[in-house]
Amino acid sequence: SMLSITLGTSLQIKPACEMPTYGRRKNNKNAKLVVVNLQKTPYDSEACLVIHARVDNVMKGLLGELGMKVDPSDPLPPLEKQEKRETL
């Protein structure tokens, strides 16, 4: 069985968007797809689970359920700070 989990992608750029459904295209009926993205994607209807939320919130919740901690020394600033950055 195969599981593809897509995190924070619109799944619209080819050929990369076709990778999560590779298992089904190869006649693997047990292949599953999970989509985590803020907006709907073209593959939502093919997914066994769709979560419309921020990836960082989903991953924090998942890690918490698994009893794992988020590393506070992660060099990336929180998303709220990233959104306020000036773009060049």
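A brief look at the structure comes next. (Residues numbered from 1 in each chain as written. Predicted model: local features only at pLDDT ≥ 70, side-chain atom pairs only at ≥ 80, totals over all residues. Heavy atoms only, no water.)

**Quick notes on the overall build of the chain**
The secondary structure content of the chain amounts to three helices and three strands. Shown N-terminal to C-terminal, the secondary structure of the chain runs as helices and strands in the order β-α-β-β-α-α. When burial is assessed residue by residue, the chain has 20% of its 88 residues classed as buried. Excluding contacts between residues fewer than 6 apart, the proportion of contacts in the chain whose partners are at least 24 apart in sequence is 45%. Counting every atom, the chain has about 7100 Å² of accessible surface; 55% of that belongs to carbon and sulfur. (Helix = DSSP H or I, 4+ residues; strand = E, 2+ residues; numbered from the N terminus. Buried < 20%, exposed > 50% of the residue type's maximum accessible area, 1.4 Å probe, protein only. Contact = heavy atoms within 4.5 Å. Areas by Shrake-Rupley, 256 points an atom, 1.4 Å probe, with all protein chains shown as cover.)

**Observations regarding the pairing of strand E2 (residues 32-36)**
For a regular strand, side-chain orientation follows a simple rule: the groups alternate between the two sheet faces. Buried residues dominate E2, accounting for four of its five residues. The sheet contact formed by strand E1 (residues 3-7) and E2 spans five bridges and is parallel. Bridge pairing in E2 places leucine 3 opposite lysine 32. Pairing geometry for E2 and strand E3 (residues 49-51), over three bridges, is parallel. Residue pairing for E3: valine 36 is matched across the bridge by isoleucine 51. (Pairing = 2+ DSSP bridges.)

**Observations regarding a nonpolar patch on the surface**
Taken together, the side chains of Leu3, Ile5 and Leu7 present a nonpolar region at the surface, about 280 Å² in accessible area. With respect to the helices, strands and loops of the structure, leucine 7 is situated in strand E1. Residue classification places leucine 7 among the partly exposed positions, given a relative accessible area of 39%. (Patch = residues over 30% accessible without salt bridge, like charges linked within 9 Å, V, L, I, M, F, W, Y side chains within 5 Å. Salt bridge = Lys/Arg side-chain N within 4 Å of Asp/Glu carboxyl O.)

**Some points on unusual backbone geometry**
With an omega dihedral of 5°, the bond running from lysine 14 to proline 15 counts as a cis peptide bond. Looking at where proline 15 falls in the secondary structure, it is placed in the loop between E1 and helix H1 (22-25). A positive phi angle, close to 55°, is found at leucine 11, a residue other than glycine. With respect to the helices and strands, the residue leucine 11 is situated in the loop between E1 and H1.

By themselves, these are just geometric observations and shouldn't be taken as functional.
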